[in-house]
Amino acid sequence: MAERALPLRARLSFAAGHFQNDACAALWFTYLLLFLHSALGFGHRAAGALLLAGQLADGLCTPLLGYETDRSAGCGRYGRRKSWHLAGTTCVLVSFPFIFNPCLACKENTPQWAAFIYYLPFIIIFQFGWAATQVSHLSLIPELVTSDHEKVELTAFRYAFTVMANITVYGLAWLLLNFQVDQPERIEHLGPQDVPIFRNLSLIVVGLGAVFSLIFHLGTKEKPYPWGSSAQPEESTPLLQKEPSALRPLLLWRDWLWEPAFYQVAVLYMSTRLIVNLSQAYIAMYLTNSLLLPKKYIATIPLVMYVSGFLSSFLMKPVNKWLGRNLTYFVGILVILTFASWVTLVKQMGTEIYGAAALLGAGSATILVTSLSMTADLIGTNTHSSAFVYGAMSFTDKMANGLAVMAIQNLHPCPSELCCSECASFYHWVMVGVTGGVAVAAIASLCCIMVWPIHVRYHAACLRGLRGAEGCPGAEGADRSTRIN
């Protein structure tokens, strides 16, 4: 008998649970480098090192938290996923406002390395909390719904709230910048005078995030694990479960490391996140240093990107159903390549940048939602180890993004000053590379999936669970493919 669909209220409550993470991520990726460079006067390598430290902390914490989230039973009757979500939310609330504020104990003659040390612990605590919230929230998807199209729909709801969070951040940034620009003593370009804007923006974002997290915890019902039970199978776990379907052995976290499909999806997800995050991190630099646009554009252009992403996210379910996962992802990559070609051919843009931003937003939304749906498909019924899978995917994403940012910062042609005459061409080609260049790598990864469809093998778990047997009962059912087409 088919399961009853998740009610709309429950889907909306679930999607609200990542609003704070998404809003903080919008500030982190879009404005951190700009804040450190233009407002605080950090050098390029120091600013890149702080972002890299955050990405490394997130990348290391994510798989470990995924493992712990899968094996823990939660706090009492509270679900294991929601328990970690609550812990992560608390860490974000107490650390994030300090990142977008000047160093409280610093003076004008304070060396930059001292300010670097001041910001480092707040960034690490924030990234730990962000990772705990993300992994626990993502791993709830296969537990709340089971069918492929419901997973896509729930992922689309989640991404819709992601875009709403970004729209909120950029809308607030636009309002704060406009209020400031109206004052005659303010200038059109970013500088130390803009520190209060980032401070107020971070405080508002944290306040709104706390409200949405409360909605998630009140409206999302997770099945609690019985007291004293383990989330992982143990020696006392019966080999044969009384289920109407054929025996399907469980995959533990170490079994995923032997699955080729695990690495196929990881590379595709990493490529997707590189496009989305690096374009988000450098769009503000491109606008202010390459196109020489007024500072209000650092709010309006990202806002256009996420409005177009918001609208396209609602098309994901019918498009996936009609074209399938692979072709839907390919369409999104073509849109990204169109944006990269536009930026390559037109070096000076005015209002045309709004059209290019709409393309980038729609393409980013398409590939991100589809790659997350592919990850949920890979997990399938193995929800007991889903947090480890999402954690490992996020690990590749964070490490790749952090190293890419540090490489770009080290290639900057003006190491001794914030910007020089070569800034314009540098950030121009950075935008081309992080979209068009990475899109080519994503296409190569997608071709591998199309040639060798994702096929999750259960032989390792089967052999461990039935060690010493000549055959594996139900092996035909256990070796069925999880194919994405």
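Parameters and conventions
- Residues numbered from 1 in each chain as written.
- Predicted model: local features only at pLDDT ≥ 70, side-chain atom pairs only at ≥ 80, totals over all residues.
- Heavy atoms only, no water.
- Phe/Tyr/Trp six-rings, centres within 6.5 Å; stacked < 30°, edge-to-face > 60°.
- Helix = DSSP H or I, 4+ residues; strand = E, 2+ residues; numbered from the N terminus.
- Buried < 20%, exposed > 50% of the residue type's maximum accessible area, 1.4 Å probe, protein only.
- Axes fitted to C-alpha atoms, helices over the stretch in contact; angles between N-to-C directions.
- Parallel < 35°, antiparallel > 145°, perpendicular 65-115°, else oblique.
- Contact = heavy atoms within 4.5 Å.
- Salt bridge = Lys/Arg side-chain N within 4 Å of Asp/Glu carboxyl O.
- pLDDT = per-residue confidence, 0-100.

Colleague: Please clarify how the packing of aromatic side chains should be interpreted in this entry.
Modeller: For any pair of aromatic rings, geometry is given as the distance between the ring centres together with the angle between the planes. Under the definition given, this model contains 18 aromatic pairs. Ring geometry for phenylalanine 98 against phenylalanine 122: centres 4.5 Å apart, planes inclined by 10°, an arrangement best described as stacked. Of the two residues, phenylalanine 98 sits in helix H4 (residues 80-99) while phenylalanine 122 sits in helix H5 (residues 112-138), which places them 24 residues apart along the sequence. For phenylalanine 98, a relative accessible area of 29% puts it in the partly exposed group.

Colleague: Explanation requested: the packing of helix H2 (residues 19-39) against helix H8 (residues 195-219) in the structure shown.
Modeller: Helix-helix packing is described using two parameters, namely the angle between the two axes and the distance between the axes. Close contact between H2 and H8 brings their axes to 10 Å; oriented N to C, the two are set at 170°. As far as their axial angle goes, H8 and H2 are roughly antiparallel. For the pair H2 and H8, contact is made by Phe19, Gln20, Ala23, Cys24, Leu27, Tyr31, Phe35 and Ala39 and by Val195, Phe198, Leu201, Ser202, Val205, Val206, Leu208, Gly209, Ala210, Phe212 and Ser213, respectively.

Colleague: Looking at this structure, I do not really get the environment of methionine 399. What am I missing?
Modeller: Relative to the assigned elements, methionine 399 resides in helix H15 (residues 386-410). C-alpha of methionine 399 to C-alpha of leucine 52: the two residues are 347 residues apart in sequence and 8.3 Å apart in space. The residues contacting methionine 399, other than those within four sequence positions of it, are Leu56 and Gly59.

Colleague: Please clarify how unusual backbone geometry should be interpreted in this entry.
Modeller: Trans is the prevailing form of peptide bonds, just as negative phi is the prevailing case for residues other than glycine. Phi at leucine 292 is positive, roughly 55°, even though this residue is not glycine. Mapped onto the fold, leucine 292 is located in the loop between helix H10 (260-290) and helix H11 (297-313).

Colleague: Explanation requested: the pattern of salt bridges in the structure shown.
Modeller: Opposite charge on two side chains lets them pair, provided their charged atoms get close. On inspection of all chains with the given rule, the structure shows three salt bridges. Put simply, aspartate 58 and lysine 398 hold a salt bridge, and the shortest N to O gap is 3.5 Å. Of this pair, aspartate 58 sits in helix H3 (residues 44-71) while lysine 398 sits in helix H15; the two residues are 340 residues apart in sequence, bridging distant segments of the chain. On the basis of relative accessibility, which here comes to 1%, the residue aspartate 58 falls in the buried class. Lysine 398 serves as the salt-bridge partner of aspartate 397, at 3.3 Å between the closest nitrogen and oxygen. Take aspartate 397 and lysine 398: they sit in the same class, and that class is buried. If you follow the salt bridges from partner to partner, you end up with Asp58, Asp397 and Lys398 in one network.

Colleague: Whenever I open this one, the confidence of the model for the protein confuses me. Can you help?
Modeller: Caution applies to low-pLDDT regions: their predicted coordinates should not be interpreted in detail. The share of residues in the protein with pLDDT of 70 or more is 80%, and the mean pLDDT across the chain is 79. The spread of mean pLDDT over the elements of the protein runs between helix H18 (residues 475-478), the lowest at 41, and H8, the highest at 92. Here residues 227-247 scores under 50 on pLDDT; set against residues more than four positions off or in separate chains, the count is 22 contacts. Here residues 459-482 is a poorly scored stretch, pLDDT under 50, and it has 35 contacts once near neighbours within four places are set aside; other chains count.

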